[in-house]
Amino acid sequence: MSIARRSLPALAVAGCTALQPARAQPAASLRDLAHARGLTFGSAIRHDLLRTDAGYAALMAREAEVLVPEWAAKWSVLQPREGEFDFSVLQEILAFAARNRQRVRGHTLLWHESLPAWLPPALAEGPARAGAVMETHIRTVLEATRPSIRDWDVLNEVVANPPGSDNPSPIPGDLRTSPWLRALGPDYIDRAFRIARQVDPTLRLTLNDYGVEADNPAAAEKRARLLRLVRGMIQRRVPLDAIGIQAHLQMREPFRAEPLVAWLQELRGMGLALAVTELDVREPDVLAPSVALRDAAVADRTAQFLEAAIAGGVRTILTWGLSDRDSWLRLEPSVARPDGAQTRGLPFDTDLRPKPMREAMARVFRG
Ligand code: XIL
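Since the model is a prediction, treat every value here as computed from it, not as a measurement.

Trainee: Can you tell me about the overall build of the chain, naming the residues and giving the values?
Mentor: Assigned secondary structure in the chain consists of 15 helices and nine strands. Over its C-alpha atoms, taken along the principal directions, the chain stretches across nearly 55 × 50 × 40 Å. Within the chain, the fraction of its 367 residues that count as buried is 57%. Accessible surface, the chain as shown: approximately 14,900 Å² in total, 53% of it carbon and sulfur. Averaging the coordinates of the 47 positive side-chain charges in the chain and doing the same for the 44 negative ones gives two points 4 Å apart.

Trainee: Describe the nonpolar core, naming the residues involved and giving the relevant values.
Mentor: Counting residues in hydrophobic clusters, the biggest one holds 105 residues, and the most contacted among them are Leu-155, Phe-193, Leu-207, Ile-243 and Phe-305. In contact with Leu-207, other than residues within four places in its own chain, are Leu-155, Val-158, Phe-193, Leu-229, Val-230, Met-233, Leu-240, Ala-242, Ile-243 and Gly-244. If you look at the next biggest cluster of nonpolar residues, it comprises five residues, including Ala-44, Val-68, Leu-318 and Trp-320.

Trainee: Tell me about the site of the ligand, and name the residues and values.
Mentor: If you check the shell around the ligand, you find 13 residues, and the closest are Glu-70, Trp-71, Lys-74, His-107 and Glu-332. Between the ligand and the protein, one listed contact pairs an oxygen atom with a side-chain N or O atom of Lys-74 at 2.8 Å. At 2.7 Å from an oxygen atom of the ligand is found a side-chain nitrogen or oxygen belonging to His-107. Protein contact buries 85% of the 410 Å² of open area that the ligand shows by itself. Counted by class, the shell around the ligand contains four nonpolar, four polar and five charged residues.

Trainee: Just give me the short version of the side chain of Glu-283, but keep the residues and values in it.
Mentor: Of note, Glu-283 is situated in the loop between strand E8 (273–282) and helix H13 (291–312). The contacts of Glu-283, once residues within four sequence positions are left out, are Met-251, Arg-294, Val-298, Arg-337, Gln-342, Thr-343 and Arg-344.

Trainee: Pulling in residues and values, what's your account of the pairing of strand E9 (residues 314–319)?
Mentor: Of all six residues making up E9, five are buried, and the element is well covered by its neighbours. Two elements, strand E1 (residues 40–45) and E9, share four bridges in a ladder whose sense is parallel. When the sheet's bridge partners are listed, Gly-42 is paired in E9 with Leu-318. For the segment spanning E8, H13 and E9, crossover handedness is right-handed.

Trainee: So what's going on with the packing of H13 against helix H15 (residues 356–366)? Residues and values would help.
Mentor: The description of two packed helices rests on the angle between their axes and on the distance between the axes. The contact between H13 and H15 brings their axes to 8 Å, and the two run at 25°. By the criterion of interaxial angle, the relationship of H13 to H15 is roughly parallel. Crossing handedness for the pair H13 and H15: right-handed. Counting all contacts with H13, which are made through Asp-295, Val-298, Ala-299, Thr-302, Ala-303, Leu-306, Glu-307 and Ile-310, the residues of H15 involved are Pro-356, Met-357, Ala-360, Met-361 and Val-364. Here the residues of the contact of H13 with H15 are counted per class, giving 10 nonpolar, one polar and two charged.

Trainee: Before we move on, can you summarise H13 with the specific residues and values?
Mentor: Here H13 spans 31 Å end to end across 22 residues, near enough to the 32 Å set by a 1.5 Å rise per residue. In the stretch just after H13, Gly-313 is the one whose phi turns positive, near 115°.

Trainee: How would you summarise helix H12 (residues 257–269) if you had to cite specific residues and measurements?
Mentor: Given a rise of 1.5 Å per residue, 13 residues ought to cover 18 Å, and the 18 Å separating the end C-alpha atoms of H12 matches this to within 8%. Among the residues making up H12, those that are buried are Leu-260, Val-261, Trp-263, Leu-264 and Leu-267. Along H12, the residues classed as buried sweep out an arc of 165° about the axis, all on the same side. Exposed residues pointing more than 90 degrees away from the buried face of H12 are listed as Glu-258 and Gly-269. Looking at the buried positions of H12, the neighbouring elements they touch are helix H11 (217–235), strand E6 (242–245), E8, H13 and E9. At the C-terminal side of H12, Gly-271 shows a positive phi close to 85°.

Trainee: Give me the pairing of strand E2 (residues 66–69): which residues, what numbers.
Mentor: Two faces belong to every sheet, and in a regular strand the side chains alternate between them. Residue alternation in E2 divides its side chains into two sets, Val-66 and Val-68 and Leu-67 and Pro-69, and both sets are buried. As defined by bridge partners, E1 adjoins E2 across four bridges and the pair is classed as parallel. Note that in E2 the partner of Ala-44 across the bridge is Val-68. As defined by bridge partners, E2 adjoins strand E3 (residues 103–110) across two bridges and the pair is classed as parallel. Following the sheet pairing, Val-66 is matched in E3 by Arg-103.

Trainee: Lay out the environment of Arg-236 in plain terms, naming residues and giving numbers.
Mentor: Within the fold, Arg-236 resides in the loop between H11 and E6. Each C-alpha atom, one on Arg-236 and one on Asp-190, is 8.5 Å from the other, the two residues being 46 residues apart in sequence. Apart from the residues within four sequence positions on either side, Arg-236 is in contact with Asp-190 and Arg-194. Here Asp-190 takes part through its side chain, which lies 2.5 Å from a polar atom of the side chain of Arg-236.

What counts and what doesn't
Residues numbered from 1 in each chain as written. Predicted model: local features only at pLDDT ≥ 70, side-chain atom pairs only at ≥ 80, totals over all residues. Heavy atoms only, no water. Helix = DSSP H or I, 4+ residues; strand = E, 2+ residues; numbered from the N terminus. Buried < 20%, exposed > 50% of the residue type's maximum accessible area, 1.4 Å probe, protein only. Areas by Shrake-Rupley, 256 points an atom, 1.4 Å probe, with all protein chains shown as cover. Lys, Arg positive; Asp, Glu negative; His and termini not counted. Charge placed at Lys NZ, Arg CZ, Asp CG, Glu CD. Core = buried A, V, L, I, M, F, W, Y, C linked by side-chain atoms within 4.5 Å. Contact = heavy atoms within 4.5 Å. Near = heavy atom within 4 Å. Polar contact = N/O pair within 3.5 Å; in protein donor to acceptor, adjacent residues only side chain to side chain. Nonpolar A, V, L, I, M, F, W, Y, C, P; charged D, E, K, R; others polar. Pairing = 2+ DSSP bridges. Right-handed = clockwise from strand over helix to strand, strands pointing away. Axes fitted to C-alpha atoms, helices over the stretch in contact; angles between N-to-C directions. Parallel < 35°, antiparallel > 145°, perpendicular 65-115°, else oblique. Left-handed = near helix turned anticlockwise from the far one by under 90°. Expected span 1.5 Å × (residues − 1). Arc of directions from axis to C-beta.

Below, the structure written as structure tokens:
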């Protein structure tokens, strides 16, 4: 176990001044606007940019009340080699958040991506070994982050994509055929949540997933699958506190508030908290002819979606980054536009200037 782990809880930073944004920004921050409405606004954050870009750091400090490490709390960063935990990068984000009076969400204890090279072979060795590896990771991470992170995505993206999705599951069944499912069977989900509750009884335990927002048959089926999973977990008395809706919106898919609101209300009725955890907007394949038109459409879709989410009982809204410059929609080949056009799916532009999407969010937060 590395030194970094033992030094983790040094987080109370007294007497630090909060960063001031480098550029002119609107009078009220999204953080304050949301807060005044009883909502929480936040964003995913990257430690590499915090280190090197004062404008980025200032914008994060100003606009977000909650920060989610975009990479720094994934398995490959926290346990790159078996038994060697490294919290040093996550700690940079925790220290920044403490200086700016922000909370940090954990993302994510278990996922089928971001697995270090040693992990898939270890999982393939059989259920006893896979169960031990899973338990050690959850325990070690939750014990180390207990003083500073009070909400974790225990599981990310466990529901299988129905036919008609972008990446449909090759086999039938409600659950994604991840290395975890293959190693441990469907019971791994319940087990992960039970271990988390046992290690930290007051931690908020979240199940996070995507592809449930649109008004099309694939999203409707994914909503149904997630609901079946959650109902079963509740019947089995699995400790589950919240559902995270990633909300990587796609404008080529139709959107209608009613089905989403009804589904969210059903989850709320089961006593679960609801959060939008990774909001951004993918524009259609054929772009409108001007930036102004594109931005207006993105803002409009954002407002429609957020109104529905709030009507359904969502109280936490997080975007997956703040600016188009740093968005995974631009940087990640699997989601980047094939035409190479600059994406405009986040509230700030490539110069960190506010866009109509930000105005739309502010309007929704103002009510
Ligand atoms: C993405 C990051 O943004 C990328 O930089 C990284 O290469 C892959 O992961 N759903 C999630 C996030 O839950 O963890 C993903 O983040 C985006 C999709």
